[in-house]
Amino acid sequence: MILGIETSCDDTSAAVLDWEGRVRSSVVSSQNLIHAPYGGIVPELASRHHLENLPAVVGEALASAGVGKTDLRAVAVTAGPGLLGSLLVGLSYAKAYAFGLGVPFAAVNHIEAHLASPWIEHPETPFPALVLVVSGGHSHLFLRRSPEETLLVSATRDDAAGEALDKVAKFLGLPYPGGPVIDRISDGGNPKAVPFPLPRLSAGGLDYSFSGIKTAALHHLRKNGLTGAAWEEGSPLPAWELDFAASYQKRVVDHLIQRARKAMLLHRPSAFGLAGGVACNRLLRSRSADLAEEFGVGCSIPSPRYCTDNAAMVAFRAMPGLRAGHSSPPDADAFANAIWPRC
Ligand code: KG4
Ligand code: ZN
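None of the values given here were measured: they were computed from a predicted structure. (Residues numbered from 1 in each chain as written. Chains lettered and ligands numbered in written order. Predicted model: local features only at pLDDT ≥ 70, side-chain atom pairs only at ≥ 80, totals over all residues. Heavy atoms only, no water.)

Student: I keep staring at helix α2 (residues 43-65) and nothing clicks. Help me out?
Tutor: Because an α-helix packs 3.6 residues into every turn, residues spaced three or four apart end up facing the same way. Across its 23 residues, α2 extends 31 Å between first and last C-alpha, which sits within 8% of the 33 Å expected from 1.5 Å per residue. Along α2, the helix axis deviates most sharply at N53, where the bend reaches about 45 degrees; the proline P55 sits within four residues downstream. Listed in full, the buried residues belonging to α2 are A46, S47, H49, H50, N53, L54, V57, V58, A61, L62 and A65. Packing partners of the buried residues in α2 comprise β1 (2-6), β2 (11-17), β3 (23-30), α1 (32-35) and α3 (84-101). Positive phi shows up at G66, right after α2, with a value of about 70 degrees. (Helix = DSSP H or I, 4+ residues; strand = E, 2+ residues; numbered from the N terminus. Expected span 1.5 Å × (residues − 1). Bend = angle between axes of the 7 residues up to and from the residue. Buried < 20%, exposed > 50% of the residue type's maximum accessible area, 1.4 Å probe, protein only. Contact = heavy atoms within 4.5 Å.)

Here it is in structure tokens:
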């Protein structure tokens, strides 16, 4: 058994996987209610709550997997990128836990854990695969050539897709995090009502940019004197707001898929994958499936519980290395940013 720990942002998570990579338990304790009044994550609060929650979350993961500490052969933990204070809580805890048990520990890159997540439930997904990782902090397209060989195809020049959804939702007075709310309320709106611009494709350019769509959204609200009132889940919203949300969501998804399509043409991978919190978005999931079908390849999208931050993907990412006998040195440090070789 392997224990996974994830504390890179605002979710405290622990998971137990067996040595074949099958998930035996996955527990996530969300801090959404703590950060919601501030409309975004407060790093100091996040790390304090990780410290408070982690022992209970790990205990619950072991109990629901029906295993004890002595069944563990390794501990895997997110070392970065993320909020340094939050990362240090999980990393220190995991190191101490592994050393106490006398087992190896593996420091894992959070984005690579997201990147590996389509394989948790679809281990047959072939390589090379083009994987779109879209979360609150990242919008990256990767070419995953093998479990250990990853090339960066493109990244965002400014906001991440999740950030662009969360920020505009905040201006509408919708609760944090806004991405899932925009997804839900868009069902009642007309996605063609507001003609948001689509970032232009420069020659050969595959990078993402959400600042133009986001600025156009704010401009549209100001120009038309529209302001969203504070909203309670379940209460009705005005038609203009539903139309606005549906149109904005469509444009964000159009942009994600347009660049991914160009990368598919360029690299002709054997599969398409989607990962990260924004991969919960239903429109993006169906448009990704359409894209893969257009290219005659399979589409691997994790269940929503493996899209948002979770420790199962962290342990899963560490698996090939641990099975090959690799582990991280005791002085492995937390890191805020990561880079990958470009395609
Ligand atoms: O991967 P994640 O849990 O954390 C980071 O590593 O950032 O992603 C969180 C992001 C947030 O921006 C949230 O609004 C977005 O994922 N998100 C969604 C949906 N569910 C979560 N965005 C759009 N539609 C959803 N259904
Ligand atoms: Zn994440």
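So, next bit.
Student: Whenever I open this one, the side chain of D309 confuses me. Can you help?
Tutor: Among the structural elements, D309 can be located in the loop between α11 (304-307) and α12 (311-323). It turns out D309 is buried and unbridged, and the closest side chain with the opposite charge, R285, is 13 Å from it. Among the polar contacts listed, one links the side chain of D309 to the side chain of H110, at a separation of 3.1 Å. In this structure the side chain of D309 is engaged in a polar contact, spanning 3.0 Å, whose partner is the side chain of H114. (Lys, Arg positive; Asp, Glu negative; His and termini not counted. Salt bridge = Lys/Arg side-chain N within 4 Å of Asp/Glu carboxyl O. Polar contact = N/O pair within 3.5 Å; in protein donor to acceptor, adjacent residues only side chain to side chain.)

Student: What exactly am I supposed to notice about the sheet that holds strand β8 (residues 149-154) here?
Tutor: The strands that make up a sheet are held in pairs by hydrogen bonds between backbone atoms, and each pair lies either parallel or antiparallel. Strands sit in the order β8-β7-β6-β9-β10 across an open sheet of five strands; the sheet is mixed. Bordering the open sheet on either side are β8 and β10 (298-300), each of which pairs with just one other strand. Recorded for the sheet is a direction-independent mean angle of 25 degrees between the axes of neighbouring strands. (Pairing = 2+ DSSP bridges. Axes fitted to C-alpha atoms, helices over the stretch in contact; angles between N-to-C directions.)

Student: Teacher, can you tell me more about the sheet that holds β2 here?
Tutor: Taken in spatial order, the five strands make up an open sheet running β3-β2-β1-β4-β5, and their pairing is mixed. Both outer strands of the open sheet, β3 and β5 (105-109), are each paired with one neighbouring strand and no more. For this sheet the average axis-to-axis angle between neighbouring strands, irrespective of direction, equals 20 degrees. Two elements, β2 and β3, share seven bridges in a ladder whose sense is antiparallel. When the bridges of β3 are listed, L17 appears paired with V23. Packed onto the sheet, α3 meets β1, β4 (74-80) and β5 and runs at close to 160 degrees relative to β4.

Student: Sorry, what's going on with the nonpolar core here?
Tutor: If you look at soluble globular proteins, the nonpolar side chains tend to sit buried side by side. Core analysis: the biggest nonpolar cluster contains 50 residues, and L174, Y248 and L256 have the highest contact counts within it. At eleven residues, helix α9 (residues 239-267) tops the list of elements feeding residues into this core. Those residues within four positions of L174 in sequence are excluded, and the remaining contacts are A169, V181, I182, I185, W231, L237 and E241. Core analysis: the second largest hydrophobic core is formed by 32 residues, A15, A106, A271 and M313 among them. (Core = buried A, V, L, I, M, F, W, Y, C linked by side-chain atoms within 4.5 Å.)

Student: Any chance you could explain the site of ligand 1 here in plain terms?
Tutor: Around ligand 1 sit 20 residues in total, of which G136, D166, D183, G277 and D309 are the nearest. The separation between a nitrogen atom of ligand 1 and a polar side-chain atom of N281 is 3.1 Å. D309 is positioned with one of its backbone polar atoms (N or O) 3.0 Å from an oxygen atom of ligand 1. Contributing elements (two or more residues each) for the shell around ligand 1: α4 (110-116), α6 (161-171) and α7 (178-185). Taken together, the residues of the shell around ligand 1 break down into six nonpolar, eleven polar and three charged. (Near = heavy atom within 4 Å. Nonpolar A, V, L, I, M, F, W, Y, C, P; charged D, E, K, R; others polar.)

Student: Please clarify how the coordination of the zinc ion (ligand 2) should be interpreted in this entry.
Tutor: As a benchmark, a tetrahedral metal site with four donors has ideal angles of 109.5 degrees, while an octahedral site with six donors has ideal angles of 90 or 180 degrees. Distances from the zinc ion (ligand 2) to its protein donors, H110 (NE2), H114 (NE2) and D309 (OD), fall within 2.0 to 2.1 Å. Classification of the site at the zinc ion (ligand 2) rests on its four donor atoms, whose angles at the metal span 94 to 145 degrees, yielding the label irregular. Positions of the donor residues of the zinc ion (ligand 2), expressed as sequence spacing, correspond to H-x3-H-x194-D. With H110 and H114 both in helix α4 and four residues apart, the pair spans about one turn of that helix. Here H110 and H114 have matching classes, each one buried. (Donors = N, O, S within 2.8 Å, 3.2 Å for Na, K, Ca; no water. Tetrahedral: all angles 85-135°; square planar, octahedral: opposite > 155°, others 65-115°.)

Student: So what exactly am I meant to see when it comes to the packing of aromatic side chains here?
Tutor: How two aromatic rings sit relative to each other is set out by the distance from centre to centre and by the angle between their planes. Applying the stated rule across the entire model yields nine aromatic pairs. A centroid spacing of 5.5 Å and a plane angle of 80 degrees characterise the contact between F196 and F244, whose relative ring orientation is edge-to-face. Taken as a pair, F196 in the loop between α7 and α8 (211-223) and F244 in helix α9 lie far apart in primary sequence, 48 residues in all. For F196, a relative accessible area of 4% gives the class buried. Here the aromatic rings of F196 and Y248 are separated by 5.6 Å at their centres, their planes lie at 80 degrees, and the arrangement is edge-to-face. Highlighted residues: F196 in the loop between α7 and α8 and Y248 in helix α9, separated in sequence by 52 residues. Taken as a pair, F196 and Y248 share a single burial class, namely buried. By the ring-pair criterion, three or more aromatic residues cluster together here, those being F196, W240, F244 and Y248. Between the NZ or CZ atom of R73 and the centre of the ring of W19, over which it lies, the distance is 4.1 Å. In this arrangement the basic side chain of R144 is found over the ring face of W119, its NZ or CZ atom lying 4.6 Å from the centre. (Phe/Tyr/Trp six-rings, centres within 6.5 Å; stacked < 30°, edge-to-face > 60°. Lys NZ or Arg CZ within 6 Å of the ring centre and 35° of its normal.)

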